[in-house]
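The primary structure of each chain is shown beneath.
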Amino acid sequence: MARKPRASQTFNIVVVGQHGRLSYEALLFAASLRHTNPDFKGRLLIAEPQAGPLWNNDPSIRDPEVRAAYDFLGAEVIPFENKYFGSAYPYGNKIEMLQALPKGEPFVFFDTDTLITGDLAELPFDFNRPTASLRRENTWPIPQLYGPGYSGLWKSLYDKFGLDFESSLDLSQPDEYWRRYLYFNAGFFFYRCPHEFGEKFLEYALAIQDTPPVELCCQSFDPWLDQVALPLVIHALGGGRDTLPDGLIDGSISCHYRFLPLLYARESDLAVQVLETVAAPNKLKKVLKGHEAIKRMVFQGRGAKVRALFDQDNLPRKEQAIRNRIKSEGFWMR
């Protein structure tokens, strides 16, 4: 039976770019999007924090060649002001930038250290039911010996915001096993309106930071604050862990590589191919060489040496073991 074509959806894509590494990662992201989705109809937005009292240094993108490359790729730089976060918690950018996006227009956020490797039209987004990346490890919370377990820690947050805790649980997972509880990597999320999502994200993040439940007295929120608040936001807005099919985001359609050495060590051949293809044109290559890690990993062959260290079909179970091997060979860069 012929497959019924899916009606195309128009939405905006946003990443956060700022001076230094993130500005170059945003350039790779934009190039990968244009390469794999030349007919993408939405806007590609690069949210740029502006200099202000919450920053120790000016975070704006000051390299004119980088900005010209964005323009060449059809990416729009959207400035925003930090009113609550800044140098002390730069991950807060992904919370505060949402208010600078077009109100009422569906959006998809990606971390800059991401490549688009497939056709976005294959993603059946329901922008009324948000979700985020399930490619994560059990980084938060860390239950203490004489304190509450996972259930007590997470329930204290749901109770704080008047949310139903029980309906957030994955009952196929054992009690007190971390996967039972709604938890995401904040490298990707979407919704029907960035302002609506951003208001709740900011409200929850600030409340957790400033007045956490007593049960969380021994828990650290740095750098996990965004990932602590995110599942609560998604649950409050009617989303969950299963609103997109498995294997697409962080699979065949996108690759959240995080660091170039990790990309070469463990990601798919497709991800490596997309990276090296989009970086190759001279117009972009001369700009990308301005970042040391890209120059050495992509253009000078260090990435290929990292890849040769590992069997991509039989990788160490823990990311730290991969990192340690790369560092022991002197190839770690970021």
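Residues numbered from 1 in each chain as written. Predicted model: local features only at pLDDT ≥ 70, side-chain atom pairs only at ≥ 80, totals over all residues. Heavy atoms only, no water.

On to the overall build of the protein chain, then. Regarding its fold elements, the protein chain presents 13 helices and eight strands. The C-alpha atoms of the protein chain give 20 Å as radius of gyration, which agrees with the globular expectation for 334 residues (20 Å, within 12%). Counting only C-alpha atoms and orienting by the principal axes, one finds that the protein chain spans roughly 60 × 55 × 45 Å. Counting only residues that meet the buried cut, the protein chain has 52% of its 334 residues in that class. Considering only contacts within the protein chain whose residues lie at least 6 apart along the sequence, 79% involve residues at least 24 apart. As presented, the protein chain carries roughly 15400 Å² of accessible surface, and 48% of it is formed by carbon and sulfur atoms. Placing the 39 positive and 41 negative side-chain charges of the protein chain at their respective mean positions leaves the two points 5 Å apart. (Helix = DSSP H or I, 4+ residues; strand = E, 2+ residues; numbered from the N terminus. Rg over C-alpha atoms; globule rule 2.2 N^0.38 Å. Buried < 20%, exposed > 50% of the residue type's maximum accessible area, 1.4 Å probe, protein only. Contact = heavy atoms within 4.5 Å. Areas by Shrake-Rupley, 256 points an atom, 1.4 Å probe, with all protein chains shown as cover. Lys, Arg positive; Asp, Glu negative; His and termini not counted. Charge placed at Lys NZ, Arg CZ, Asp CG, Glu CD.)

Here the structure, examined in full by the defined rule, presents 19 salt bridges. Note that Arg21 is salt-bridged to Glu25, the shortest N-O span being 2.9 Å. One end of the pair, Arg21, and the other, Glu25, are both in helix H1 (residues 21-36), four residues apart, so they sit about a helical turn from each other. For Glu25, a relative accessible area of 7% translates into the label buried. A salt bridge links Glu319 to Arg258; the nearest nitrogen and oxygen atoms lie 2.4 Å apart. (Salt bridge = Lys/Arg side-chain N within 4 Å of Asp/Glu carboxyl O.)

Mapped onto the fold, Gln18 is located in the loop between strand S1 (12-16) and H1. A relative accessible area of 12% places Gln18 in the buried class. Look past the residues within four positions of Gln18 in its chain and what remains in contact with it is Ser23, Pro49, Trp55, Pro59, Ile61 and Asn93.

Before going further, it helps to examine the state of the cysteines. Applying the stated criterion to the full structure yields zero disulfides. The closest cysteine sulfur to the non-disulfide-bonded Cys217 is located on Cys218, 3.8 Å from its own sulfur. (Disulfide = S-S within 2.5 Å.)

Turning our eyes to something else, we now look at the layout of surface pockets. Quantified by volume, the largest pocket comes out at close to 1600 Å³. In this structure, the largest pocket is lined by 50 residues; those nearest its centre are Tyr91, Asn185, His256, Arg258 and Phe259. Considering every element that reaches the lining of the largest pocket, the biggest residue donor is helix H13 (residues 319-328), with four residues. Of the residues that constitute the lining of the largest pocket, the class distribution is 17 nonpolar, 14 polar and 19 charged. (1 Å grid on protein atoms, 1.4 Å probe; cavity = no way out; pocket = protein on both sides within 12 Å on 5 of 7 lines; lining within 4 Å. Points joined across faces, edges and corners; volume = space filled by probe spheres on them. Nonpolar A, V, L, I, M, F, W, Y, C, P; charged D, E, K, R; others polar.)

It is worth spelling out the side chain of Thr131 at this point. In this fold, Thr131 is placed in the loop between strand S5 (114-116) and strand S6 (132-133). Reaching out from Thr131, the side chain makes a polar contact with the backbone oxygen of Gly240 at a distance of 2.6 Å. Apart from residues lying up to four places away in sequence, Thr131 is in contact with Phe184, Phe188, Phe189, Phe190, Ile234, Gly240, Arg241, Thr243 and Leu244. (Polar contact = N/O pair within 3.5 Å; in protein donor to acceptor, adjacent residues only side chain to side chain.)

Per-residue confidence for the protein chain averages 96 on the pLDDT scale, and 98% of its residues sit at or above 70. Across residues 1-6, confidence stays below pLDDT 50; counting only partners more than four residues off in sequence or on other chains, it has four contacts. (pLDDT = per-residue confidence, 0-100.)

A separate point is the packing of aromatic side chains. Think of a pair of aromatic rings as described by two things: how far the centres are apart, and how the planes are tilted against each other in angle. In total, this model carries 27 aromatic pairs according to the counting rule given. Considering the side-chain rings of Trp140 and Phe221, the 6.1 Å spacing of their centres and the 35° angle between planes classify their relative orientation as tilted. Taken together, the positions of Trp140 in the loop between S6 and helix H4 (150-160) and Phe221 in the loop between helix H5 (194-210) and helix H6 (225-236) put the pair 81 residues apart, joining distant regions of the chain. By relative accessible area, Trp140 is classed as buried at 3%. The class of Phe221 is buried, set by a relative accessible area of 16%. A ring pair is formed by Phe259 and Trp332, whose centres lie 5.4 Å apart and whose planes are at 55°; its orientation type is tilted. Separated by 73 residues along the polypeptide, Phe259 in the loop between strand S8 (254-256) and helix H8 (260-266) and Trp332 in the segment after H13 bring together distant segments of the chain. Taking relative accessible area as the criterion, Trp332 reaches 22% and is therefore assigned partly exposed. One aromatic cluster is present, formed by Phe11, Phe29, Phe40, Phe110, Phe125, Phe127, Phe188 and Phe190 through successive ring pairs. We note Lys283 situated over the ring of Phe72; from NZ or CZ to the ring centre the distance is 5.0 Å. (Phe/Tyr/Trp six-rings, centres within 6.5 Å; stacked < 30°, edge-to-face > 60°. Lys NZ or Arg CZ within 6 Å of the ring centre and 35° of its normal.)

Interaxial distance between H4 and H6 falls to 11 Å at its minimum, and their mutual angle equals 55°. Judged by the angle between their axes, H4 and H6 are oblique. With respect to the hand of their crossing, H4 and H6 are arranged in right-handed fashion. In contact with Trp154, Leu157 and Tyr158 of H4, H6 contributes Gln227, Val228, Pro231, Leu232 and His235. (Axes fitted to C-alpha atoms, helices over the stretch in contact; angles between N-to-C directions. Parallel < 35°, antiparallel > 145°, perpendicular 65-115°, else oblique. Left-handed = near helix turned anticlockwise from the far one by under 90°.)

Here S1 lies mainly inside the structure; five of its five residues are buried. As paired elements, S1 and strand S4 (residues 107-110) share three bridges and run parallel to each other. Bridged to Ile13 within S4 is Val108. (Pairing = 2+ DSSP bridges.)

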